[in-house]
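Coordinate analysis (summary)
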Amino acid sequence: MWEKLQELKLKAEGAINACTDIDALNEQRVALLGKKGEMTAISRGMGALSAEERPKMGQAVNEVKQFIEELLAKKKDELAAAHLQQKLEEERVDVTLPGRPAAAGRRHILSVVQKDMEDIFIGMGYTVVDGPQVELDKYNFELLNLPKEHPARDMQDSFYFSESMLLRTHTSPVQARTMEAAEGKLPVKVISPGVVYRRDDDATHSPMFHQVEGLLIDEHVTLADLKGTLLAFAQQMFGADRQIRLRPSYFPFTEPSVEVDISCFNCGGCGCRLCKGTGWIEILGSGMVHPHVLEMSGYDPEKCTGFAFGMGVERIAMLKYGITDMRLLFDNDVRFLQQF
Ligand code: DAH
């Protein structure tokens, strides 16, 4: 029995040291010290011993048991430490590595240009107002001197919801809405930027685009005020050397009506491809508010006059930044958008 005990001690030492993980170690614990283990088998032989030998052997058994238990505990600690070390190696984080840069967004070039336009007019004392994109025929056409069946309605091909409701074809309806809300008070001095819609689609026309409308009504407003205002705008937008010229035109809601050109900022006026050799580039439509338009919205044309203008944001952006195809503005290709 004594020899068996010594053999077990040696065997246990070898087996425990050979364990490479906790599961194997637990198996050894059961095999060595479990109920059906080798130690239990040896202890059973105690019954056959004499009363003299029994306590000695009992002590020896206990010592070997304790020895094995200590070995198991030591190995368990070793394995746990090795496991932790391995995890630390595997999951190492290098906090000194540079971070991944977050891609910073930016405003769309049309938003930038629209904001620039707003800022210029705010600087001249204008208030920015908003209007609905789904508009009534009454505001989009009738109150602008375009009664039903008026041939000038053909200039703006429209998207209709019903006979009386459509997607607005221009920002001019905000003129009528603003005058109506002002209830005859003076002055009226607003700009209104926003989205408009027309049944158009090619390299220079999009079915959805943006305009900025302007309206000033007060006593003694003249065409000279209109010209001065638009000259100030053109010079702030396109450079201090810009000149403007007014060409007679026709809009039902203004009388007289003019189209406004700026001197070409590409060639300075000598003629180039951008201005098609003329030295001038058309940028907007405008005129003196038609007396009947004033009247229909509650203003007395004998007591006040006004001017109005409307310009395309896409057009201004394309001119200013040399963009040749309007569709680029709506493709949302970041390679294009990132240039601005
Ligand atoms: N609404 C016109 C258009 O979309 C532009 C315009 C012309 C606006 C003359 C005006 C104006 O306010 O006076 O074609």
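About the cut-offs
- Residues numbered from 1 in each chain as written.
- Predicted model: local features only at pLDDT ≥ 70, side-chain atom pairs only at ≥ 80, totals over all residues.
- Heavy atoms only, no water.
- Salt bridge = Lys/Arg side-chain N within 4 Å of Asp/Glu carboxyl O.
- Helix = DSSP H or I, 4+ residues; strand = E, 2+ residues; numbered from the N terminus.
- Buried < 20%, exposed > 50% of the residue type's maximum accessible area, 1.4 Å probe, protein only.
- Polar contact = N/O pair within 3.5 Å; in protein donor to acceptor, adjacent residues only side chain to side chain.
- Contact = heavy atoms within 4.5 Å.
- Near = heavy atom within 4 Å.
- Areas by Shrake-Rupley, 256 points an atom, 1.4 Å probe, with all protein chains shown as cover.
- Pairing = 2+ DSSP bridges.
- Axes fitted to C-alpha atoms, helices over the stretch in contact; angles between N-to-C directions.
- Domains from an automatic or database assignment.
- Patch = residues over 30% accessible without salt bridge, like charges linked within 9 Å, V, L, I, M, F, W, Y side chains within 5 Å.
- Parallel < 35°, antiparallel > 145°, perpendicular 65-115°, else oblique.
- Nonpolar A, V, L, I, M, F, W, Y, C, P; charged D, E, K, R; others polar.
- Phe/Tyr/Trp six-rings, centres within 6.5 Å; stacked < 30°, edge-to-face > 60°.

1. With respect to the pattern of salt bridges
Scanning the model with the defined rule gives 14 salt bridges in all. Across the salt bridge formed by Arg 177 and Glu 135, the nearest N and O atoms sit 2.7 Å from each other. Note that Arg 177 is positioned in helix α7 (residues 173-182) and Glu 135 in strand β2 (residues 134-136), a separation of 42 residues in sequence. Taking relative accessible area as the criterion, Arg 177 reaches 28% and is therefore assigned partly exposed. One salt bridge connects Lys 148 with Asp 137, and the closest N-O pair in it is separated by 3.6 Å. A residue pair is termed long-range when its members are at least 10 positions apart, and Lys 148 in the loop between α6 (137-140) and β3 (160-162) and Asp 137 in helix α6 qualify at 11 residues.

2. A word on the side chain of Ser 257
Looking at the element boundaries, Ser 257 is found in strand β8 (residues 254-263). Here Phe 251 takes part through its backbone nitrogen, which lies 3.0 Å from a polar atom of the side chain of Ser 257. Here Thr 254 takes part through its side chain, which lies 2.6 Å from a polar atom of the side chain of Ser 257. If near-sequence neighbours (up to four positions away) are discounted, Ser 257 is found in contact with Arg 247, Pro 248, Ser 249, Tyr 250, Phe 251, Ser 286 and Gly 287.

3. Remarks on the side chain of Glu 213
Residue placement: Glu 213 occurs in strand β6 (residues 208-218). At 2.6 Å, the side chain of Glu 213 and the side chain of Gln 175 are in polar contact. Discounting chain neighbours no more than four positions away, the residues touching Glu 213 are Thr 171, Ser 172, Gln 175, Val 190, Ile 191, Ser 192, Phe 309 and Gly 310.

4. Points about the site of the ligand
Taken together, 16 residues surround the ligand, and among them His 170, Ser 172, Gln 175, Arg 198 and Glu 213 come closest. Between Gln 211 and the ligand, the recorded distance is 2.9 Å, taken from a side-chain N or O atom to an oxygen atom. For the ligand, whose free accessible area comes to 350 Å², the fraction covered by protein is 92%. Sorting the residues of the shell around the ligand by element identifies β6, β9 (280-289) and β10 (305-312) as the ones contributing at least two each.

5. Considerations on the sheet that holds β9
Within the open sheet, the 7 strands sit side by side as β1-β5-β6-β10-β9-β8-β7. Their pairing is mixed. Two strands close off the open sheet at either side, each with one partner strand: β1 (127-128) and β7 (244-249). Judged from the 8 bridges that link them, β6 and β10 form a sheet pairing that is antiparallel. Each residue of the ladder has a partner; that of Gln 211, found in β10, is Gly 312. Its contacts with the sheet place helix α5 (residues 109-123) against β1, β5 (188-197), β6 and β10, and it is angled at close to 165° to β5. Strands β5, β6 and β10 of the sheet are contacted by α7, whose axis makes an angle of about 40° with β6.

6. Quick notes on the domain arrangement of the chain
When the domains of the chain are assigned, the result is domain 1 (2-90) and domain 2 (109-337). For domain 1 versus domain 2, the separation of C-alpha centres amounts to 95 Å.

7. Details of the sheet that holds β2
Taking strand neighbours across the sheet as the criterion, the 3 strands line up as β2-β4-β3 in an open arrangement whose pairing is antiparallel. The outermost strands of the open sheet, each flanked by one partner alone, are β2 and β3. Neighbour-to-neighbour, the strand axes of the sheet open up by a mean angle of 30°, direction not taken into account.

8. Things to note about a nonpolar patch on the surface
On the surface, Val 134, Leu 136, Phe 161 and Met 165 cluster together to form a nonpolar patch covering roughly 340 Å² of accessible area. A relative accessible area of 42% places Val 134 in the partly exposed class.

9. Here we look at the pairing of β8
With respect to burial, β8 is a largely interior element, 8 of its 10 residues being buried. Hairpin connection, β7 to β8: the antiparallel pair is bridged by 4 residues. In this structure, β8 lies alongside β9, joined through 8 bridges in antiparallel fashion. Each bridged residue has a counterpart across the sheet, and for Glu 259 the counterpart in β9 is Gly 285.

10. Looking at the packing of helix α8 (residues 223-238) against helix α10 (residues 313-321)
Relative orientation of the contacting elements α8 and α10 amounts to 45°, with a least axis distance of 11 Å. In terms of axis orientation, α8 runs oblique to α10. Contacts between α8 and α10 involve Phe 233, Met 237 and Phe 238 from the first element and Ile 316, Leu 319 and Lys 320 from the second. Among the residues forming the contact of α8 with α10, the class breakdown is 5 nonpolar, no polar and 1 charged.

11. What about the packing of aromatic side chains?
Under the definition given, this model contains 8 aromatic pairs. Aromatic pair Phe 121 and Tyr 126: ring centres 5.4 Å apart, planes at 80°, arrangement edge-to-face. A relative accessible area of 6% places Tyr 126 in the buried class. Seen from their ring centres, Phe 336 and Phe 340 are 5.2 Å apart, and the 70° between their planes marks the pair as edge-to-face. The class for Phe 336 is buried, based on a relative accessible area of 10%.

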